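Below, each chain spelled out in residue letters.
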Amino acid sequence: MSSTKNAAVVNYSEQKYSVEIREIPLPEIGEEDILLEVENVGVCGSDLHQWTSDHSWPVNYPVVLGHEFGGKIAALGSRVAGWNVGDRVVSETAAVISTQNPMSKVGLYNLDPTRKGFGYGVNGAMTRFVRVPARCLHNVPANLSFEEACLTEPCCVAYNSVVGNSSIKPGDRVIVIGPGTIGILCAAMARLCGAEVGLLGLEGDRARLEIARQAYGCEPLIGEDAAEAWAKKRDGLGADLIIDAAGHSITLKIAMKIVRPNGQITKVGWGPQPLNFSIDPIVQKNIRLQGSFSHNWPIWERVIALLASGALNVKPIIGGVWPITEWKEAFEKMHSGQVVKSVLKPV
């Protein structure tokens, strides 16, 4: 920790493209925090949304971006027990929670309305050192690289949406809408659960759909008609489960059309646009519409076990590792769909 200043990717205002490299001081830690030396940090779609300023959540400007990260403990607060300097860890995203909130008391602190996350509520990890509450930490097994481990967080989003919040059985026919990181990981998770999975995208998504086909055995579907045909192939009624991982409200209309009666739609993608269409098909078809947000402690432990055992392999979606000083290229490649996931490395 020779340097008192660290290069950081900072989102400094609500204006479009208000992101730049700034030198920031070493964070001060409280007695229940640790100082984490970041090894790798994943770029999330939400980082891109803040960069292009089409997000739908409050941001505390200026803020260091990045909430998918892992590294080594560099220093410990005075009341931190059970951890040592040098431990390999990943961190959950719920940087600030109220332990008194009823949601937190039942372990669903991800649903605490006062929760603030890294990268929008408090400074995130697109820098060398980040302050992390010790309660957020999980051990990273020695056989799991940090390039993979920093994707624990999006894997947890996928696990919660597919396993936690959806009813899924082996042999189910599942369509995932949107071949971004979360969509592809939801598709991979549904395959682990024994489902047949179609992944729906647009013409420009062919490269990402092909990665999902090769790596996870998903059927690439281009356009609404292809999705409807695949959904109805078995008995003419539609897919058992639709996971909507796209960032647009209009995709809910497609989901309602291709889900079977008495099926389920799980919505994990954010889209701030108004709907402008009727949701009557949910009533008519007796559909369960379920939201899925974030994750909590047991999900992280389960996902790390899946990654460490090799049951879930995230290497195929990593499109490259860039130094954080080249954040813009990493963002642009992901934003344009050239890569599924960009990973950054502090300098």
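Note that this is a predicted model, so its numbers are computed, not measured.

### Quick look at the sheet that holds strand β2 (residues 19–25)
Right, so step 1: Pairing in this open sheet of 3 strands is antiparallel, and the strands run β2-β1-β4 from one edge to the other. In this open sheet, the two strands that pair with only one neighbour each are β2 and β4 (63–64).

### Brief notes about the nonpolar core
Right, so step 1: By size, the foremost hydrophobic cluster in this structure holds 47 residues, and its most contacted members are V162, I168, V174, V176, V197 and I243.
Right, so step 2: Of all elements in the fold, only α3 (146–149), α4 (152–164), β11 (173–177), α5 (181–192), β12 (196–201), α6 (206–216), β14 (239–244) and α10 (297–309) reach the threshold of two or more residues within this core.
Right, so step 3: It is α5 that provides the largest number of residues to this core, a total of 7 residues.
Right, so step 4: Non-local contacts of I243, meaning those with residues more than four positions away in its chain, are made with V162, V174, I175, V176, I177, C186, T266 and V268.
Right, so step 5: Membership of the second largest hydrophobic core comes to 37 residues, among which are V10, A134, I324 and V339.

### Some points on the pairing of strand β17 (residues 318–323)
Right, so step 1: Strand direction decides the pairing type here: β17 and strand β18 (residues 341–345), joined by 5 bridges, are parallel. Residue V321 lies in a different strand from β18, and its bridge partner there is V343.
Right, so step 2: A crossover connection joins β17 to the parallel β18 through helix α11 (residues 327–335); in handedness this β-α-β unit is right-handed.

### Re the sheet that holds strand β13 (residues 219–222)
Right, so step 1: Spatial strand order, β13-β12-β11-β14-β15-β16: 6 strands in an open sheet with parallel pairing. Of all strands in the sheet, those bounded by a partner on one side alone are β13 and β16 (288–291). For this sheet the average axis-to-axis angle between neighbouring strands, irrespective of direction, equals 20°.
Right, so step 2: Relative to strand β15 (residues 259–267), β14 runs parallel, the two being bridged by 5 bridges. For L241, the partnering residue across the bridge sits in β15 and is Q264.
Right, so step 3: In the packing of α5 onto the sheet, contacts are made with β11, β12 and β14, and the angle to β12 comes to roughly 170°.

### With respect to α5
Right, so step 1: End to end, α5 covers 16 Å across 12 residues, agreeing with the expected 16 Å (1.5 Å per residue, within 8%).
Right, so step 2: Counting buried positions over the 12 residues of α5 gives 9, a clear majority of the element.
Right, so step 3: When α5 is considered as a whole, its buried residues turn out to be T181, G183, I184, L185, C186, A187, A188, M189 and A190.
Right, so step 4: G194 lies just past α5 and shows a positive phi near 95°.

### Structural notes on the pattern of salt bridges
Right, so step 1: Summed over all chains, the structure comprises 19 salt bridges.
Right, so step 2: A salt bridge links E39 to K345, with the shortest nitrogen-to-oxygen separation between them at 3.2 Å. Of this pair, E39 sits in strand β3 (residues 33–42) while K345 sits in strand β18; the two residues are 306 residues apart in sequence, bridging distant segments of the chain.
Right, so step 3: Residue class for K345 comes out partly exposed when judged on its relative accessible area of 35%.

### Considering the packing of aromatic side chains
Right, so step 1: Within the structure shown, the criterion is met by 7 aromatic pairs.
Right, so step 2: With centroids separated by 5.6 Å and ring planes inclined at 80°, the aromatic side chains of W51 and F331 adopt a geometry described as edge-to-face. Here F331 lies in helix α11 and W51 lies in helix α1 (residues 45–52), a separation of 280 residues in the sequence. With respect to burial, W51 and F331 carry one shared label: buried.

### Side note on unusual backbone geometry
Right, so step 1: The omega angle of the peptide bond from Y61 to P62 is -15°, so this bond is cis rather than trans.
Right, so step 2: Mapped onto the elements of the fold, P62 is located in the loop between α1 and β4.
Right, so step 3: Look at S294: it is not a glycine, yet its phi comes out positive at around 60°.
Right, so step 4: Tracing the sequence through the fold places S294 in the loop between β16 and α10.

### Brief notes about the environment of L307
Right, so step 1: Inspection of the secondary structure puts L307 in helix α10.
Right, so step 2: Owing to a relative accessible area of 4%, L307 belongs among the buried residues under this scheme.
Right, so step 3: A sequence separation of 159 residues divides L307 from E148, and the C-alpha atoms of the two residues are 8.0 Å apart.
Right, so step 4: The contacts of L307, once residues within four sequence positions are left out, are L144, T152, C155, L312 and V314.

### Overview of the packing of helix α7 (residues 224–231) against helix α8 (residues 251–258)
Right, so step 1: Here α7 crosses α8 at 30°, and the two axes come no closer than 10 Å. Relative to α8, the element α7 lies roughly parallel. Crossing geometry of α7 relative to α8 is assigned as right-handed. Contact with α7, carried on its side by E224, A227, E228 and A231, involves I254, K257 and I258 of α8 and no other residues of that element.
Right, so step 2: Class assignment for the residues of the contact of α7 with α8 results in 4 nonpolar, no polar and 3 charged.

Criteria and cut-off values
Residues numbered from 1 in each chain as written. Predicted model: local features only at pLDDT ≥ 70, side-chain atom pairs only at ≥ 80, totals over all residues. Heavy atoms only, no water. Pairing = 2+ DSSP bridges. Helix = DSSP H or I, 4+ residues; strand = E, 2+ residues; numbered from the N terminus. Core = buried A, V, L, I, M, F, W, Y, C linked by side-chain atoms within 4.5 Å. Buried < 20%, exposed > 50% of the residue type's maximum accessible area, 1.4 Å probe, protein only. Contact = heavy atoms within 4.5 Å. Right-handed = clockwise from strand over helix to strand, strands pointing away. Axes fitted to C-alpha atoms, helices over the stretch in contact; angles between N-to-C directions. Expected span 1.5 Å × (residues − 1). Salt bridge = Lys/Arg side-chain N within 4 Å of Asp/Glu carboxyl O. Phe/Tyr/Trp six-rings, centres within 6.5 Å; stacked < 30°, edge-to-face > 60°. Parallel < 35°, antiparallel > 145°, perpendicular 65-115°, else oblique. Left-handed = near helix turned anticlockwise from the far one by under 90°. Nonpolar A, V, L, I, M, F, W, Y, C, P; charged D, E, K, R; others polar.

In short, the description is geometric, and any link to function would need to be established separately.
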